[in-house]
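Coordinates in review
Letter by letter, the chains look like this.
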Amino acid sequence: MGPAYRLFYDQPVHIVSGEGVWLYDADGNKYLDVYNNVPHVGHCHPRVVDAVCKQARTLNTHTRYLHERVIEYAERLTAKFPDGLDIAMFACTGTEANELALRLARAMTGATGMIVTDNAYHGNSWAIAQITTTYESSEKRADNIVTVPSPDSYRGPYAGHPQAAEKYAAHLQEAIDTLHGRGLRPAAFIVDTIFSNEGLPAVPPGYLARAVEIVRNAGGLFIADEVQPGFGRTGRHFWGFENHAVVPDIATMGKPMGNGYPLSAVVTSAKVVDAFARHSHYFNTFGGSPVACAAGLAVLDVIEQEGLQSNALETGNYLLEGLRELASASPLIGDIRGGGLFIGIELVRDRSSRDPATAETARAVNLLRQQGVLIGSTGRFDNILKIRPPLVFTREHAEILLRKLALVMEEIHGTKDGLPGGQTS
Ligand SMILES: Cc1ncc(COP(=O)(O)O)c(C=O)c1O
């Protein structure tokens, strides 16, 4: 497969099966999955698997034929959005959804400028790699793309500043002025509304609404990338943008939508799609197929019927409480933030200098893997433990995580003499 691929962990895991929040390796070891958000309603949820199999046995074509399933799904999905956002277009990956969103924004505004935060991930195609600022691209970033600082209350240029929201938002005007200086206008400002790749920073209240206002005043649209926060993960709301009291012009979503079946979408208004459709048509061979929509419908059913959004809120709050307790005994923990079942733990070498504990974070990730807990890290300095399990994660699972995390923190602090052997039970 070549060297561009990367495996997780010093000792990579060979997983052979999964159920709920559990994964099993080829040697029969069991792992608590604290990392994967794609199996949103749990690994191999029988309801989703059955829906996919049943539809696959009946018919699987594409959107050039009439089919009730795609209409039913478009209606169920758009019903989750504020009025006016009532068109759904389907694709297979978050990258494709973002790519389509850029085309829609350009068609609607007649402009080409893109404003993005400076440590964002939006996908892997050429155009989207250009707005993915967390990785260096092998090609120079094009002139139509301008970055603004990610809003961060813990570190970054205005951390702790009483007017941090206004200060961070002012960079949008600067970005627009830069585009104007290059003879360009903004088509859109795109953010992951939970700033997951940035490490889930606590966003200064009011920042996003103000930033979007500035962009709209300059004729640009706001694209909410909901690939990470969407479908109830943050607990309080179904979509990440709702946490910021701002309504997007275009929303994109993917990953958890099909619980592992490739399914993504763009939701927007008729006005935006009409502008695009005047000069373009859209066809995506696999996007919106009957099987994909059967998966999507089953995921929505399970979220609603199993109360997974409220579980995310309740279990997330319980976990936050436990983590705060753990932090009082672990000086390495500098900050805990997020909400619902998306929580970041920022590790620092020193709480006053906030020196990022990057190597310690990598060690924690690998020690937890040895302890039977699969977790990842994120952030500009890769010093933030990322807790983002399937939404069927309960208090019982949170307790296992807290116990294992406490052991690993003690080991890293050197207050423990080796970890007890292995796996979660
Ligand atoms: C915020 C965000 N947007 C878009 C994507 C791209 O999604 P995909 O990998 O399905 O193309 C990702 C993937 O991690 C993501 O985190």
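Residues numbered from 1 in each chain as written. Predicted model: local features only at pLDDT ≥ 70, side-chain atom pairs only at ≥ 80, totals over all residues. Heavy atoms only, no water.

**Re the nonpolar core**
As a rule of thumb, nonpolar side chains are buried together in soluble globular proteins. One finds Tyr73, Leu77, Phe189, Tyr207, Phe231, Met253 and Leu323 to be the most contacted residues of the largest nonpolar core, which totals 99 residues. Top element by residues in this core is helix H8 (residues 290–305). It accounts for 10 residues. Not counting the four nearest positions on each side in its chain, Tyr73 is found in contact with Phe90, Phe231, Met257, Leu263, Cys293, Gly296, Leu297 and Leu300. Counting 23 residues, the second largest nonpolar core, distinct from the first, contains Ile145, Ala187, Ala188 and Ile223. (Core = buried A, V, L, I, M, F, W, Y, C linked by side-chain atoms within 4.5 Å. Buried < 20%, exposed > 50% of the residue type's maximum accessible area, 1.4 Å probe, protein only. Helix = DSSP H or I, 4+ residues; strand = E, 2+ residues; numbered from the N terminus. Contact = heavy atoms within 4.5 Å.)

**Let's talk about the sheet that holds strand S7 (residues 186–192)**
Sheet architecture is open: seven strands sit in the order S4-S10-S9-S8-S7-S5-S6, paired in mixed fashion. Unpaired on one side and paired on the other, strand S4 (87–91) and strand S6 (145–148) mark the two borders of the sheet. Neighbour to neighbour, the strand axes of the sheet diverge by 20° on average, direction disregarded. When S4 meets strand S10 (residues 264–268), the two strands line up antiparallel, connected through five bridges. Each bridged residue has a counterpart across the sheet, and for Ala88 the counterpart in S10 is Val267. Strand contacts of helix H6 (residues 207–217): S6, S7 and strand S8 (221–225), with the helix running at about 165° to S7, the strand carrying the most contacts. (Pairing = 2+ DSSP bridges. Axes fitted to C-alpha atoms, helices over the stretch in contact; angles between N-to-C directions.)

**Some details on the side chain of Glu346**
Along the chain, Glu346 turns up in strand S12 (residues 342–347). A distance of 2.8 Å separates a polar atom in the side chain of Glu346 from a polar atom in the side chain of Arg337. Excluding residues within four positions of it along the chain, Glu346 makes contact with Tyr154, Arg155, Leu332, Ile333, Gly334, Asp335, Arg337, Asn383 and Ile384. (Polar contact = N/O pair within 3.5 Å; in protein donor to acceptor, adjacent residues only side chain to side chain.)

**Observations concerning the layout of surface pockets**
A volume near 500 Å³ is recorded for the second largest pocket. Together, 24 residues line the second largest pocket, and Pro201, Val203, Asn243, His244 and Gly338 are the ones closest to its centre. Per-class residue counts for the lining of the second largest pocket are 12 nonpolar, 10 polar and two charged. (1 Å grid on protein atoms, 1.4 Å probe; cavity = no way out; pocket = protein on both sides within 12 Å on 5 of 7 lines; lining within 4 Å. Points joined across faces, edges and corners; volume = space filled by probe spheres on them. Nonpolar A, V, L, I, M, F, W, Y, C, P; charged D, E, K, R; others polar.)

**A closer look at the packing of aromatic side chains**
A ring pair, where both rings are aromatic, is described by two values, the distance of the centres and the angle of the planes. Counted under the stated rule, the structure contains 12 aromatic pairs. Consider the rings of Tyr158 and Tyr168, whose centres lie 4.9 Å apart with planes at 80°: the pair is edge-to-face. Here Tyr158, found in the loop between S6 and helix H5 (164–181), pairs with Tyr168, found in helix H5; they are 10 residues apart in sequence, far enough to count as distant. Grouping residues by exposure puts Tyr158 and Tyr168 together as buried. Each member of the aromatic cluster is reached from another via a ring pair, and the members are Phe81, Phe231, Phe238, Trp239 and Phe241. Above the plane of the ring of Tyr154 lies Arg354, whose end atom (NZ or CZ) is 4.2 Å from the centre. (Phe/Tyr/Trp six-rings, centres within 6.5 Å; stacked < 30°, edge-to-face > 60°. Lys NZ or Arg CZ within 6 Å of the ring centre and 35° of its normal.)

Purely geometric stuff here, so don't read any function into it on its own.
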